[in-house]
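# Inside the fold
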Amino acid sequence: MSGAELQRQAALLQALLSGEPAPGLCAASQGVARGLQAYRVNAQAVAARALAAVYGPLQAELGEAQFAAMAWAFWRRLPPERGDLACWGAGLADFMAQQPQVPAELLDLARLQWALHEAERAGDAEPDLASLQRLDGRHDAARLRLHMMPGLRLVAQADGHALVWRHAWRAVSEALPPDQAAFMAGLLAGQALGPALEATLARHEAFDFSAWLQRALREPWLQAVGVME
Amino acid sequence: MRRDAIGIGWRQPHYAELMARRPVLDFLEVHAENFFAEGGAALQVLAGARALYPISLHGVGLSLGSAVGLDVWHLERLASLVERVEPALVSDHASFARAPLAGGTPVHANDLLPVAFTEASLTLMVANVQAVQERLKRAIAVENLSAYLGWQAEPGDLAEPQFLMELCRRSGCKLLLDVNNLMVNALNSESDERAALVQAGRWIRDIEPQRVAEIHLAGHKDLGDIVIDDHGSRVAPAVWQLYEQAIAHCGPVPTLIEWDTDIPALDVLLDEAAQASARMRR
């Protein structure tokens with residue numbers, strides 16, 4: 001690694017964020033300040049475009065100008081670490097929460113949009129139908145593990161939880177009733193079927209596992225049933 | 001791929017139409033990073049196109065010139081995509097984007113930032129290109145930049161064409177010659193278009209024809225005080241002239257029409273591709 005080159009490159013990245021030219025830069029007829037501005041204008045456009053691709057409904061709520069300003073502020077606070085911009089933006093809801101007077105519903109929307117984005121990029125999987133036979137009642141539920149489809153997430157919202165999953169190629173979401181949310185939270189935390197079910201029923205007597213299972217197979221939420229060692 | 005192959009950059013607004021119409025094209029080029037997801041619809045769309053056309057994977061994020069080195073995650077995602085797509089070409093840019101801020105974790109500017117044309121810079125870019133080629137088990141092509149900033153040259157530094165030729169010699173990579181980038185740089189440093197054409201033509205004559213694996217053509221925008229490489233319009237007449245000079249110097253080279261902003265009807269891209277084909281065969 002060349003220390004001089006590293007220093008030079010870090011200085012240019014810092015200049016892009018701050019707008020203050022780095023030493024050693026030169027430009028043709030337009031000058032260093034104009035050249036730097038061209039890169040900064042591009043970075044601002046890239047920031048807004050990248051976040052709008054994920055947070056379209058949030059952009060619609062805020063308006064293009066306010067959204068773009070927020071995207072640039074977020075870029076400067078938490079710049080991308082990957083060369084794939086689809087990986088950037090996970091922390092937007094937390095960033096927004098640090099700003100004054102951001103309504104809770106916008107934070108909910110941001111968290112939901114990121115989960116939807118991740119679900120659409122998650123790995124492809126088919127339900128393992130053969131493994132579902134382990135739910136025939138002959139296996140010890142304390143040792144059965146229900147594996148959810150890639151990308152399925154339970155997202156905390158101000159008034160409860162929303163489930164996000166991929167239906168065909170599109171990610172969808174739905175507010176879950178408290179009993180289903182409690183059960184899904186247990187499964188997603190790695191609990192076996194038996195303990196997850198017991199914990200849910202202890203707080204929600206009316207929880208209907210059979211109805212949940214039918215839905216879990218239809219959507220699909222459930223990918224496979226495994227046996228824990 | 002045939003040396004006289006003509007392709008277009010395939011972007012989301014044309015995904016469905018191109019698959020439905022299946023126009024005669026020799027290859028499609030996509031931005032590799034748009035297909036880095038683990039799964040999902042985009043990869044299915046690309047698989048469909050791969051069944052019909054050779055694919056060129058053009059990266060914008062490898063950051064081959066970064067002094068901090070390559071992002072292993074990025075390289076692994078690219079390797080996975082290369083394995084899946086079996087592309088005709090793989091390319092990226094002679095630029096950097098990753099560097100640590102205040103000595104911390106490297107951040108990625110997601111832009112094509114200029115490297116200095118120093119021996120140290122060349123050495124590290126050679127190492128990075130070789131690491132990519134070893135992982136992918138194939139040679140890649142590296143594209144010359146349009147740059148609005150540069151680094152003050154010092155004694156011993158190389159001119160850009162020499163830097164790139166030396167990169168090709170030492171690493172075994174090829175050159176992706178972006179003719180529009182040359183013209184943008186020349187227009188930003190010369191007082192008029194005629195002088196810019198002379199400067200850019202000299203640049204082309206300084207490269208070794210056998211090193212060129214692909215040519216890119218695109219539009220640019222003149223803002224008055226600066227010319228921007230925005231890929232948002234038809235290829236400018238001066239760029240077509242420069243393209244003919246490049247073909248005269250290199251012979252037929254696979255050529256791509258890029259269009260990334262204000263994307264027009266597919267027929268406009270196909271018309272530009274037809275023009276490139278006609279000019280290559282003159």
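Residues numbered from 1 in each chain as written. Chains lettered and ligands numbered in written order. Predicted model: local features only at pLDDT ≥ 70, side-chain atom pairs only at ≥ 80, totals over all residues.

## Some thoughts on the overall build of chain B
Of regular secondary structure, chain B possesses nine helices and 13 strands. Against the globule reference of 19 Å for 282 residues, chain B gives a C-alpha radius of gyration of 18 Å, in line with a compact fold. If one aligns the C-alpha atoms of chain B with their principal axes, the spans along those axes are about 55 × 45 × 35 Å. In chain B, which comprises 282 residues, the proportion classed as buried is 52%. Counted over contacts in chain B with a minimum sequence separation of 6, partners at least 24 positions apart contribute 76%. (Helix = DSSP H or I, 4+ residues; strand = E, 2+ residues; numbered from the N terminus. Rg over C-alpha atoms; globule rule 2.2 N^0.38 Å. Buried ≥ 20, exposed ≤ 12 C-beta atoms within 10 Å, placed from the backbone. Contact = placed C-beta atoms within 7 Å.)

## Some details on the nonpolar core
Counting residues in each nonpolar core, the largest one holds 105 residues, and the members touching the most others are Val142, Leu167, Leu175, Val179, Met183 and Leu217 of chain B. Broken down by element, the residue count for this core peaks at six residues, all from helix H6 (residues 179-189) of chain B. For Leu167 of chain B, the residues in contact, after removing those within four places along its chain, are Ala94, Leu122, Met125, Val126, Val129, Val142 and Cys173 of chain B. One finds Leu58, Trp88, Ala110 and Leu112 of chain A within the second-largest nonpolar core, a separate group that totals 46 residues. (Core = buried A, V, L, I, M, F, W, Y, C linked by C-beta atoms within 7 Å.)

## Description of the domain arrangement of chain A
All names here are of chain A. Examined at the domain level, chain A breaks down into domain 1 (14-121) and domain 2 (129-227). A C-alpha centroid distance of 35 Å is found between domain 1 and domain 2. Between domain 1 and domain 2, the residue contacts involve nine residues of the former and 12 residues of the latter. Broken down by class, the residue content of the side of domain 1 that touches domain 2 amounts to five nonpolar, no polar and four charged. (Domains from an automatic or database assignment. Nonpolar A, V, L, I, M, F, W, Y, C, P; charged D, E, K, R; others polar.)

## Some remarks on the sheet that holds strand S4 (residues 160-167) of chain A
Sheets are built from strands paired through backbone hydrogen bonds, the pairs being either parallel or antiparallel. Residues and elements named next belong to chain A. Strand order in the open sheet made by the three strands is S3-S4-S5, with antiparallel pairing throughout. Each end of this open sheet is capped by a strand with a single partner; those strands are strand S3 (153-157) and strand S5 (170-176). Strand-to-strand twist in this sheet, taken as the mean axis angle between neighbours without regard to direction, amounts to 30 degrees. Two strands pair when backbone bridges link them, and S4 and S5 are joined in this way by seven bridges, in the antiparallel orientation. Bridging from a neighbouring strand, Arg166 pairs with Ala171 of S5. (Pairing = 2+ DSSP bridges. Axes fitted to C-alpha atoms, helices over the stretch in contact; angles between N-to-C directions.)

## Focus: the environment of Gly56 of chain A
With respect to the helices and strands, the residue Gly56 of chain A is situated in helix H3 (residues 56-62). As a C-alpha pair, Gly56 of chain A and Ala71 of chain A span 15 residues in sequence and 12 Å in three-dimensional space.

## Here's the deal with the packing of helix H4 (residues 119-136) of chain B against helix H5 (residues 160-171) of chain B
All names here are of chain B. At a minimum axis distance of 9 Å, the contact between H4 and H5 shows a crossing angle of 45 degrees. Here H4 is positioned oblique relative to H5, judged by the angle of their axes. Handedness of the crossing formed by H4 with H5: right-handed. Between H4 and H5, the residues in contact are Leu122, Met125, Val126, Val129, Gln130 and Gln133 and Phe163, Glu166, Leu167, Arg170 and Ser171, respectively. For the contact of H4 with H5, the residue count by class is six nonpolar, three polar and two charged. (Parallel < 35°, antiparallel > 145°, perpendicular 65-115°, else oblique. Left-handed = near helix turned anticlockwise from the far one by under 90°.)

## A closer look at the interface of chain A and chain B
Taken together, the contact between chain A and chain B spans 43 residues of the former and 45 residues of the latter. Only helix H1 (3-18), strand S1 (25-26), helix H2 (32-54) and helix H6 (104-121) of chain A provide two or more residues apiece to the side of chain A that touches chain B. A per-class count over the side of chain A that touches chain B returns 24 nonpolar, 10 polar and nine charged. Across two bridges, S1 of chain A lies against strand S8 (residues 150-151) of chain B in antiparallel orientation. Directly across from Leu25 of chain A, in S8 of chain B, lies its bridge partner Trp151 of chain B.

## Concerning H4 of chain B
Look at H4 of chain B: 26 Å from first C-alpha to last across 18 residues, which is about the 26 Å you get at 1.5 Å a residue. Looking only at H4 of chain B, the buried set comprises Ser121, Leu122, Leu124, Met125, Asn128, Val129 and Val132 of chain B. Tucked inside the fold, the buried residues of H4 of chain B contact H1 of chain A together with helix H3 (72-85), strand S7 (141-143) and H5 of chain B. Immediately beyond the C-terminal end of H4 of chain B, within one or two residues, lies Lys137 of chain B, with a positive phi of roughly 60 degrees. (Expected span 1.5 Å × (residues − 1).)

## A word on the sheet that holds strand S2 (residues 27-31) of chain B
Read around the closed barrel, eight strands run S1-S2-S3-S4-S7-S9-S10-S13 (chain B), paired in parallel fashion. Ignoring strand direction, the axes of neighbouring strands in this sheet form an average angle of 25 degrees.

## Points about the pairing of S2 of chain B
All names here are of chain B. Counted residue by residue, S2 has four buried out of five residues, so it is predominantly covered. This β-α-β element, strand S1 (residues 6-9) to helix H1 (residues 15-21) to S2, shows right-handed connectivity. Examined bridge by bridge, S2 and strand S3 (residues 55-58) share four bridges and lie parallel to one another. Residue pairing for S3: Glu29 is matched across the bridge by Ser56. Taken together, S2, helix H2 (residues 41-50) and S3 form a β-α-β motif whose crossover is right-handed. (Right-handed = clockwise from strand over helix to strand, strands pointing away.)

## Focus on H1 of chain A
Under the 1.5 Å per step criterion, the end-to-end length of H1 of chain A is 22 Å for 16 residues, consistent within 8% with the ideal 22 Å. Along H1 of chain A, the positions that sit buried rather than exposed are Glu5, Leu6, Arg8, Gln9, Ala10, Leu12, Leu13 and Leu16 of chain A. On the buried face of H1 of chain A, the contacting elements are H2 of chain A together with strand S5 (96-100), strand S6 (106-113), H4 and S8 of chain B. Just downstream of H1 of chain A, Gly19 of chain A is the residue with a positive phi angle, here 85 degrees.

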